[in-house]
Amino acid sequence: MSYWITIGTALISCAIAALTGIVLIPFLKKIHFGQTILEIGPKWHKSKQGTPIMGGFMFIISSIIAVIIGYLLYRSINMVDITEKTASYNAIRLLACILFSVLFSGIGFLDDYIKAVKKQNLGLNPKQKMIFQFILSAAFLSVLYALGDKSTKLDLIFFQLDLGIFYYPIMILFMIYVSNAVNLTDGVDGLCGSVTFVTMLAFSAVCGIMKSYEISIYAIAIAGGCLGFLIWNLHPAKCFMGDTGSMYLGGAFVAIGLTTHKHLLMVLVGLVYILEALSVVIQVTYFKITARQHYKKTGEKGKGKRIFKMSPIHHHFEMCGFSEYKIVIMFSIAAIIVSALGVLTVI
């Protein structure tokens, strides 16, 4: 695939995302779709009250338009016959990735809409989200199975572990965990967009190496969209991506990652997301255990201990005095390092 198609797709997506913000942000302000800040969050986040949410539409729109243009250019330049079996399968797989990402974004949109209308930071309850995510994840795996990815082996680079029938429920849980981990990473201005820019660059390179050019174009389109969005989202953010955006990115990450069928690669490239979510699991688990122990000793409820000053872990660094810019830079560098390691595993 020509490098200029990749670069062109990224630039088109970046430009559309950046320009969309000129129209979208005033519109979101006009309809009062602003963020409600939780009382339990850092006190300085109160200044972000009312910042428009659903800014994720910038890179959703841009990545879809850009991937269509990039894919059509790829087909025409390389004279790809869409009626040929392999090309047809690749096109369907690309469409499945896009559709899965958009439907995941739909879950986030419902969440954002409820927050915006009710003016509270609750939205859909966890059970409702899990049901929707479970159905969509199972459907996506079914499409991959129908397209020929019937392997039940975990590819850990150095060896493969056959999970048999357990592969599918484990993958569904993994998809739900990672997609929500991406959502949790969206807690500091520019953080999720910056980290995802890096991870999508890595996925674009990996898919290109594996000659999965259609998926490579989609990944680079998302990377470009994130870059355009960051113009509006870096501190001080003029808008947030909202769950509409973060769930789109989470859905795209797991969809693109699973098309490679290289599971250790996914873990490496997405390690920043995974650790963000893990910090929440550790914090909640430790608090519940110590609260239970304290209750047995004193009879007082809700007196547990915490490992981090606040979770997800980016908030811990905030509470330690790190600026939002510094956190974004630190996490982005970490993403670059682990993503580079991930790319090396397929070279």
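See above for the structure.
The rules behind each value
- Residues numbered from 1 in each chain as written.
- Predicted model: local features only at pLDDT ≥ 70, side-chain atom pairs only at ≥ 80, totals over all residues.
- Heavy atoms only, no water.
- Helix = DSSP H or I, 4+ residues; strand = E, 2+ residues; numbered from the N terminus.
- Rg over C-alpha atoms; globule rule 2.2 N^0.38 Å.
- Contact = heavy atoms within 4.5 Å.
- 1 Å grid on protein atoms, 1.4 Å probe; cavity = no way out; pocket = protein on both sides within 12 Å on 5 of 7 lines; lining within 4 Å.
- Points joined across faces, edges and corners; volume = space filled by probe spheres on them.
- Nonpolar A, V, L, I, M, F, W, Y, C, P; charged D, E, K, R; others polar.

### Remarks on the overall build of the chain
Broken down by element type, the chain carries 12 helices and two strands. Helices (α) and strands (β) of the chain occur, in sequence order from the N terminus, as α-α-α-α-β-β-α-α-α-α-α-α-α-α. The C-alpha atoms of the chain give a radius of gyration of 20 Å, which matches the 20 Å a tight globule of 347 residues would have. Judged by the C-alpha coordinates and their principal axes, the chain covers about 70 × 50 × 35 Å. Within the chain, counting contacts between residues at least 6 apart in sequence, those at least 24 apart form 76% of the total.

### A word on empty space enclosed by the protein
To find the voids left in a structure, one rolls a probe of water-molecule size over its atoms. Evaluation of the coordinates by the stated rule reveals two cavities of 30 Å³ or more. Roughly 60 Å³ of internal volume is contained in the largest cavity. Lining the largest cavity, in full, are Leu 141, Leu 144, Tyr 145, Asp 149, Ser 151, Tyr 167, Tyr 168, Leu 258 and His 261. Each pocket or cavity is described by its volume, and for the second largest cavity that value is around 40 Å³. Together, Ile 107, Gly 108, Asp 111, Lys 129, Asn 180, Asn 183, Asp 243 and Met 247 line the second largest cavity. Counting only elements with at least two residues in the lining of the second largest cavity, the list comes to helix H3 (85-118), helix H5 (167-185) and helix H8 (242-260). Ranked by residue count, the leading element in the lining of the second largest cavity is H3, at three residues. Looking at the lining of the second largest cavity, its residues break down into two nonpolar, three polar and three charged.

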